[in-house]
Amino acid sequence: MTKPEISWNDFEKIDIRVGTIISVNDFEKARNPSYQLEIDFGDLGIKKSSAQITALYQKEELIGKQILAVVNFPKKQIANFFSECLVLGVYGENKSDVTLLSPSLPVKNGLEVG
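Computed from a predicted model, the values in this text were never measured in an experiment.

Parameters and conventions
- Residues numbered from 1 in each chain as written.
- Predicted model: local features only at pLDDT ≥ 70, side-chain atom pairs only at ≥ 80, totals over all residues.
- Heavy atoms only, no water.
- Helix = DSSP H or I, 4+ residues; strand = E, 2+ residues; numbered from the N terminus.
- Rg over C-alpha atoms; globule rule 2.2 N^0.38 Å.
- Buried < 20%, exposed > 50% of the residue type's maximum accessible area, 1.4 Å probe, protein only.
- Contact = heavy atoms within 4.5 Å.
- UniProt positions renumbered as here; feature names shortened; annotations may be inferred.
- Polar contact = N/O pair within 3.5 Å; in protein donor to acceptor, adjacent residues only side chain to side chain.
- Core = buried A, V, L, I, M, F, W, Y, C linked by side-chain atoms within 4.5 Å.
- Pairing = 2+ DSSP bridges.

1. Regarding the overall build of the chain
Now for step 1: A tally of helices and strands in the chain yields two helices and nine strands.
Now for step 2: Scanning the chain from its N terminus toward the C terminus, one meets helices and strands in the order α-β-β-β-α-β-β-β-β-β-β.
Now for step 3: Computed over the C-alpha atoms, the radius of gyration of the chain is 14 Å, within 12% of the 13 Å expected from 2.2 N^0.38 for a compact globule of 114 residues.
Now for step 4: Projected onto its principal axes, the C-alpha coordinates of the chain cover approximately 40 × 35 × 30 Å.
Now for step 5: In the chain, buried positions account for 34% of the 114 residues.
Now for step 6: Taking the intrachain contacts of the chain between residues at least 6 apart in sequence as the baseline, contacts between residues at least 24 apart amount to 57%.

2. Some thoughts on the UniProt feature "domain: TRNA-binding" (unreviewed entry) in the chain
Now for step 1: Residues annotated by UniProt as "domain: TRNA-binding" (unreviewed entry) correspond here to residues 10-114.
Now for step 2: Taken end to end, residues 10-114 has its terminal C-alpha atoms 13 Å apart, with 7% of it in helix and 40% in strand.

3. Considering the side chain of Asn109
Now for step 1: By the element assignment, Asn109 lies in the segment after strand E9 (98-100).
Now for step 2: At 2.7 Å, the side chain of Asn109 and the side chain of Thr20 are in polar contact.
Now for step 3: For Asn109, the side chain forms a polar contact with the side chain of Gln66, separated by 3.1 Å.
Now for step 4: What Asn109 contacts, discounting residues up to four positions off in sequence, is Val18, Gly19, Thr20, Asp40, Phe41, Gly42 and Gln66.

4. Some details on the nonpolar core
Now for step 1: Among the nonpolar cores identified, the biggest contains 17 residues, and Leu37, Ile39, Ile53, Leu62 and Ile67 are the most heavily contacted of them.
Now for step 2: When contributions to this core are tallied by element, the ones reaching two or more residues are strand E1 (16-26), strand E2 (35-40), strand E4 (66-70) and E9.
Now for step 3: No other element matches the three residues that E2 contributes to this core.
Now for step 4: In terms of nonpolar packing, the next biggest core, distinct from the first, is built from five residues, Ile16, Val18, Leu68 and Leu88 among them.

5. Overview of the pairing of E1
Now for step 1: The buried count for E1 comes to eight of eleven residues, which makes it a mostly enclosed element.
Now for step 2: Bridge count for E1 against E4 is five bridges, and the pairing is antiparallel. Its bridge partner being in E4, Ile16 is matched across the sheet by Val70.
Now for step 3: Where E1 and E2 come together, six bridges link them in antiparallel fashion. When the sheet's bridge partners are listed, Val24 is paired in E2 with Leu37.

Okay, structure coming up:
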């Protein structure tokens, strides 16, 4: 089932940027298995995110990985942690199997997706 149609103006409000994961920690207080990420977005700075990506990714392999994230959502408190961006991924048939979206070639952190 598809979601309702949005306007071009709605899409332009979403700020999706490229960032590089610089640290990963287990998020033990999260309801679902998750990592706490720190992501370098270049000129936008370093932002934190909680990501339910433990089913397909080990912490060590995430360091240095470029990802795509929405950076203009308000902060969201998850347990004792404030998530500052939404890391984007593709749900597998099992919603806990999330494959991260990332550029196919290295690009500068902070570049905008459009």
